[in-house]
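Each chain is listed here by its residues.
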Amino acid sequence: MTFVRQLRAEWTKFRSVRAWVLAVVGAAVVTAALGPLNLSTQRAPSGGAGPALVRGPAGQAVNDSFYFVHRQLAGDGTITARITDLTGITATGPDRVSSEVQGWAKAGIIIKQSLSPGSPYAAIMLTGAHGVRFQDGYTHDTAAGSAIAAPWLRLTRRADVISGEESADGVHWQVVGSVRLSGLDANVAAGLFVTSPSTVHVAVIDVPETNPAAAVATFGSVAVTGSWTPGSWSGGQFGGVGTSGSYPRGVSGGFTGTAETSLTLTGAGDIAPVVGGSVLGTGATVEGFIGGTFVGLVALVVVAVSFMTAEYRRGLISVTLAACPRPGRVLAAKAAVVAGSGFAAGSLGAAVAIIAGRHVAGAHHIYTVPVSTPTVLRVEVGTGVLSAAMAVLALAVGAVLRSGASAITLVMVATVLPYLLAVSPGLPTVAAQWLLRVTPAAGFAIRQSLPRFAQVDSTYIPPDGYFPLAPWAGLAVLCGYCVVALAAAAFLLRRRDV
Amino acid sequence: MSQHTPSSTTVEIIDVARVSKSFGPVPALRGVSFTVGRGRVTGMVGPNGAGKSTAMRVILGLHRPDAGRALVDGRRYRDLSRPLTRVGSLLDASALHPARSARDHLRWLAHSQGIPAGHADTLLERVGLASAARRRTGGFSLGMRQRLGIAAALLGDPAALLLDEPFNGLDPEGIVWMRDLLAGLAAEGRAVLVSSHLIGELQHVAQHLIVLAGGRVLADAPVAELSAARGSGGIGLEDVYFRLTQDAARSQGSTMTGEQR
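Residues numbered from 1 in each chain as written. Chains lettered and ligands numbered in written order. Predicted model: local features only at pLDDT ≥ 70, side-chain atom pairs only at ≥ 80, totals over all residues. Heavy atoms only, no water.

K.L.:
What am I meant to see in the environment of Leu161(B) here?
P.N.:
Residue and element names in this part refer to chain B. Mapped onto the elements of the fold, Leu-161 is located in strand S6 (residues 160–164). By relative accessible area, which is 2% here, Leu-161 ends up buried. Sequence spacing of Leu-161 and Asp-121 is 40 residues, and the spatial spacing of their C-alpha atoms is 20 Å. The residues touching Leu-161, leaving out its near neighbours within four places in the chain, are Gly-88, Ala-153, Leu-154, Leu-185, Arg-190, Ala-191, Val-192 and Leu-193. (Helix = DSSP H or I, 4+ residues; strand = E, 2+ residues; numbered from the N terminus. Buried < 20%, exposed > 50% of the residue type's maximum accessible area, 1.4 Å probe, protein only. Contact = heavy atoms within 4.5 Å.)

Written out as structure tokens, the structure reads:
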């Protein structure tokens, strides 16, 4: 009850100083507007509209690109094949290639709902360096237990269930994985595929390097059971090459041989979620839409510090503590006020920025990396919590230092500076990642919308928008600093004479 | 010389007992004891640095005493749940946010005590600031700020009032207004403690005087008694005060040279 009274009192104090209210509104406006405004000054990549990214079943951006040799299967059935060889063609310089195969080059058997990109699928495959895998839904990846050279692979459809098996001899089979694809049509596209992402290389001082690469795989002993459309196998590049693939110069997708003897396929691309970093290419991201958050945070920090230090400038703190002789309660009420204002400004600003950003990107023919709805919500709510936490930190530091200028400087040096250092190229990746683990700047992880997957190689480094900590874990680090600063402030407020 | 003459006709509401307080090596209060009773104006007078503000701050829990205690209604100030309804105080009239209006200043104070916000306007009317209610206090004269400070002190309709140098910055008209106000508050049965470094400001309004110098209580007596104390031949209160504080300064000097009292 007494806390509620003090909360009301502090809120009245806050809203009755017009500059503070305007600054919070301003913080929301710049958070909402700066990212989209910045985007509106950009031009679409040459060649008009950028590539339209494919959306996977969960709404996220996916690559669905591979060389496909297929037929139509009606109802239940199987395909069996032995992969006798998997090599690569990797560009190592202008007009030079090596036979290096990419770790996540894939060759195997796939059953796909339809020939439209982004449709559901399940596949069993041999990879360049990660053995036999069963994959489905673009993000699910299951490794086989054993490492077999030149394995036999079998993919079976039984009603809605697709299961993948491997075998060393074509006689004894082991299930690698299976998945239920509900609502799978009776007629599906099924066959053999080969694909390979481009090279990804991160130097110590990160200048990401990427080179075109293709994979070449030979399939022997191809056999099918079930009801297949009569005729021969037809081949073609499916879904372009996506964001992470490209053929070396002079190399293109294709296949040779016959199913009766052996088939050799050459392919590039990937069947995987789109991630950020060097493999993303040019696309608008949610992070870019809410780029104005940083300017908004500066305003919120200044307001939160002033809300505290204004008490000391003319001795108002004596009046405040005469009205509420419990310093901890005063501090908590003030923290609640700046946290609430910060949350409102941050979350509303981010929500508007994302809507506006998508509009601007659409109008300027800049493609937007699709992000699932839960991720968008997490970024919106998270930006609110981030703003609230920064405001509380600033308030607490203001209470400790009692000087506006030094408190603002300290908060900026502790939060924005490590972030800027970490994301600017030039700092070794390890140092950048430690900065984003141990400083309050870890909290900015909550902004990250770009996903990270073990089965996709990319430059997962701070300058490309990748934080070393998970979004909420990073925010928890910042909140930890808030708790420590609040505790110090409460201790000092109680101990000091005013 | 220190005397303590509790009045049997009043109930003590503020009770300061043997309070000492130092700021670093500098002693501000040295074993100060006094009480403030209802229904009268108690003047606290002493030169600058005598410890008047420190004593008030100790009562309000803003300074922690090194020794002794200060109680309001038998309780520590910090244990009062809605303190402004027990003790109204005005320590520094300039302790305002300059961008906040007079009305909003009183409204946040009202909210902190669970007092209806409408009281703010009533109080502004009472202290003659109704027309300036919505103006930012940054543009207020010291006299206006003193009036606003009085309004804040009265907001909770408290039984006790602590006012530190409330006559500062008032024009003659304001001084008369303040005297009448203090007399009226005491007449309503409130305990009123008013400090000043000028005894002239207090002699016509206070019924009781506490003379403070060098952190010690030199006198604590009804005004009439003090005037009579050395009153062979009509020595005024000012002369009594002057002599008291001079004695204190002398004895302090001898203490400083190592002489024990």
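K.L.:
Explain the side chain of Lys334(A) to me, please; I cannot follow it from the model alone.
P.N.:
Residues and elements named next belong to chain A. Topologically, Lys-334 is positioned in helix H6 (residues 327–363). Classification of Lys-334 by relative accessible area gives buried; the value is 0%. If near-sequence neighbours (up to four positions away) are discounted, Lys-334 is found in contact with Glu-10, Lys-13, Phe-307, Met-308, Glu-311 and Leu-395.

K.L.:
Can you walk me through the pattern of salt bridges in this structure?
P.N.:
Pairing is possible between side chains that carry opposite charge, provided their charged atoms lie close to one another. Using the criterion set out here, one finds 19 salt bridges over all chains in the structure. Its salt-bridge partner being Asp79(B), residue Arg76(B) comes within 3.1 Å of it at the nearest N-O pair. Residue classification places Arg76(B) among the partly exposed positions, given a relative accessible area of 43%. The closest approach of N and O atoms between Glu188(B) and Arg190(B), which form a salt bridge, is 2.5 Å. Among the residues examined, Arg190(B) registers a relative accessible area of 12% and is labelled buried. Overlapping salt bridges bring together Glu10(A), Lys13(A), Glu311(A) and Lys334(A) as one network. (Salt bridge = Lys/Arg side-chain N within 4 Å of Asp/Glu carboxyl O.)

K.L.:
I keep staring at the interface of chain A and chain B and nothing clicks. Help me out?
P.N.:
Interface size is often expressed as the accessible area that is lost when the parts come together. Residue-level contacts link 27 residues of chain A with 33 residues of chain B. Between chain A and chain B, the buried area comes to about 2,600 Å², and carbon and sulfur atoms account for 55% of it. Of all residues in chain A, Arg5(A), Arg314(A) and Asp497(A) give up the largest surface area on contact with chain B, accounting jointly for 22% of the area buried on that side. Here chain A is connected to chain B by two salt bridges. With its nearest N and O atoms 3.2 Å apart, the salt bridge here joins Arg326(A) to Asp79(B). The interface formed by chain A and chain B contains 17 residue pairs in polar contact (both at pLDDT 80 or more). Of all the secondary structure elements, the ones that give two or more residues to the side of chain A that touches chain B are helix H1 (2–15), helix H2 (18–40) and helix H5 (316–323) of chain A. For the side of chain A that touches chain B, the leading source of residues is H1(A), giving eight residues. Of the residues assigned to the side of chain A that touches chain B, the class counts are 11 nonpolar, seven polar and nine charged. (Buried area = accessible area lost by both parts, 1.4 Å probe. Polar contact = N/O pair within 3.5 Å; in protein donor to acceptor, adjacent residues only side chain to side chain. Nonpolar A, V, L, I, M, F, W, Y, C, P; charged D, E, K, R; others polar.)

K.L.:
Please clarify how the sheet that holds strand S1 (residues 12–23) of chain B should be interpreted in this entry.
P.N.:
Each strand in a sheet pairs with its neighbour through backbone hydrogen bonds, running either in the same direction (parallel) or in the opposite one (antiparallel). Residues and elements named next belong to chain B. Read from one edge of the open sheet, three strands run S2-S1-S4, paired in antiparallel fashion. Looking at strand neighbours, the two that pair on one side only are strand S2 (26–37) and strand S4 (67–72), the edges of this open sheet. Averaged over all pairs of adjacent strands, the angle between strand axes in this sheet comes to 15 degrees, irrespective of strand direction. With eight bridges joining them, S1 and S2 adopt antiparallel strand pairing. For Phe-23, the partnering residue across the bridge sits in S2 and is Val-26. Packing of helix H1 (residues 52–59) onto the sheet brings it into contact with S1, S2 and S4, and relative to S2 it is tilted by some 65 degrees. (Pairing = 2+ DSSP bridges. Axes fitted to C-alpha atoms, helices over the stretch in contact; angles between N-to-C directions.)

K.L.:
Mind showing me how you'd approach H5(A) here?
P.N.:
An α-helical turn contains 3.6 residues, so any two residues separated by three or four positions project in the same direction. Burial runs high along H5(A): seven of the eight residues are buried. Every buried residue of H5(A) is listed here: Leu316(A), Ile317(A), Ser318(A), Thr320(A), Leu321(A), Ala322(A) and Ala323(A). For H5(A), the secondary structure elements touched by its buried residues are H1, helix H4 (293–313) and H6 of chain A together with H1, strand S5 (87–90) and helix H2 (102–113) of chain B.

K.L.:
It is not clear to me how the domain arrangement of chain A should be interpreted in this structure. Could you clarify?
P.N.:
Residues and elements named next belong to chain A. One can read the domain layout of chain A as domain 1 (3–43 + 280–497) and domain 2 (56–273). Here domain 1 and domain 2 have C-alpha centroids that lie 44 Å from each other. Contact residues are listed per partner, giving 20 residues for domain 1 and 19 residues for domain 2. Note on domain 1 versus domain 2: buried area summed over both sides is about 1,500 Å², and carbon and sulfur give 63% of it. Seen at the junction of domain 1 and domain 2, the total is zero salt bridges. Here domain 1 is connected to domain 2 by two residue pairs in polar contact (both at pLDDT 80 or more). (Domains from an automatic or database assignment.)

K.L.:
Would you mind going over the nonpolar core with me for this structure?
P.N.:
Most often, soluble globular proteins keep nonpolar side chains buried together rather than apart. Counting 151 residues, the largest nonpolar core has Ile14(B), Phe34(B), Ile59(B), Ile150(B), Leu182(B), Leu193(B) and Leu209(B) as its most contacted members. Broken down by element, this core gets its largest block of residues, 12 residues, from helix H7 (residues 373–401) of chain A. Formed by 41 residues, the second largest nonpolar core is a distinct cluster that contains Leu86(A), Ala144(A), Leu155(A) and Val188(A). (Core = buried A, V, L, I, M, F, W, Y, C linked by side-chain atoms within 4.5 Å.)

K.L.:
Hey, could you run me through unusual backbone geometry in this one?
P.N.:
Trans is the prevailing form of peptide bonds, just as negative phi is the prevailing case for residues other than glycine. Even without being glycine, Tyr138(A) reaches a positive phi, approximately 70 degrees. Assignment of secondary structure puts Tyr138(A) in the loop between strand S7 (132–136) and strand S8 (140–143). Of note, the phi angle at Asp157(B) is positive, near 50 degrees, even though the residue is not glycine. Among the structural elements, Asp157(B) can be located in the loop between helix H4 (142–154) and S6. The class for Asp157(B) is exposed, based on a relative accessible area of 53%.

K.L.:
Sorry if this is basic, but what is going on with the confidence of the model for chain A here?
P.N.:
In low-pLDDT segments, the atomic positions of the prediction should not be examined closely. Scored by pLDDT, chain A comes out at a mean of 91, with 96% of its residues at no less than 70. Here residues 46–50 of chain A scores under 50 on pLDDT; set against residues more than four positions off or in separate chains, the count is five contacts. (pLDDT = per-residue confidence, 0-100.)

K.L.:
Is there a simple way to explain a nonpolar patch on the surface in this structure?
P.N.:
All names here are of chain A. A cluster of nonpolar residues, Val-430, Trp-434, Val-438 and Tyr-481, forms a patch on the protein surface that exposes about 400 Å² of accessible area. Take the nonpolar patch: its biggest share by element is three residues, from helix H10 (residues 429–438). Within the secondary structure layout, Trp-434 lies in helix H10. Accessibility expressed as a relative area gives 47% for Trp-434, which makes it partly exposed. (Patch = residues over 30% accessible without salt bridge, like charges linked within 9 Å, V, L, I, M, F, W, Y side chains within 5 Å. Areas by Shrake-Rupley, 256 points an atom, 1.4 Å probe, with all protein chains shown as cover.)

K.L.:
Quick question: what am I supposed to make of the packing of H1(A) against H4(A) here?
P.N.:
Helices that pack against each other are described as a pair by the angle of their axes relative to one another and the distance between those axes. Residues and elements named next belong to chain A. Between H1 and H4, the least distance of the axes is 11 Å, while the angle of their chain directions is 110 degrees. On the basis of the axis angle, H1 is roughly perpendicular to H4. Here H1 contributes Glu-10, Lys-13 and Phe-14 to the contact with H4, which in turn contributes Val-303, Phe-307 and Glu-311. Partitioned by chemical class, the residues of the contact of H1 with H4 number three nonpolar, no polar and three charged. (Parallel < 35°, antiparallel > 145°, perpendicular 65-115°, else oblique.)

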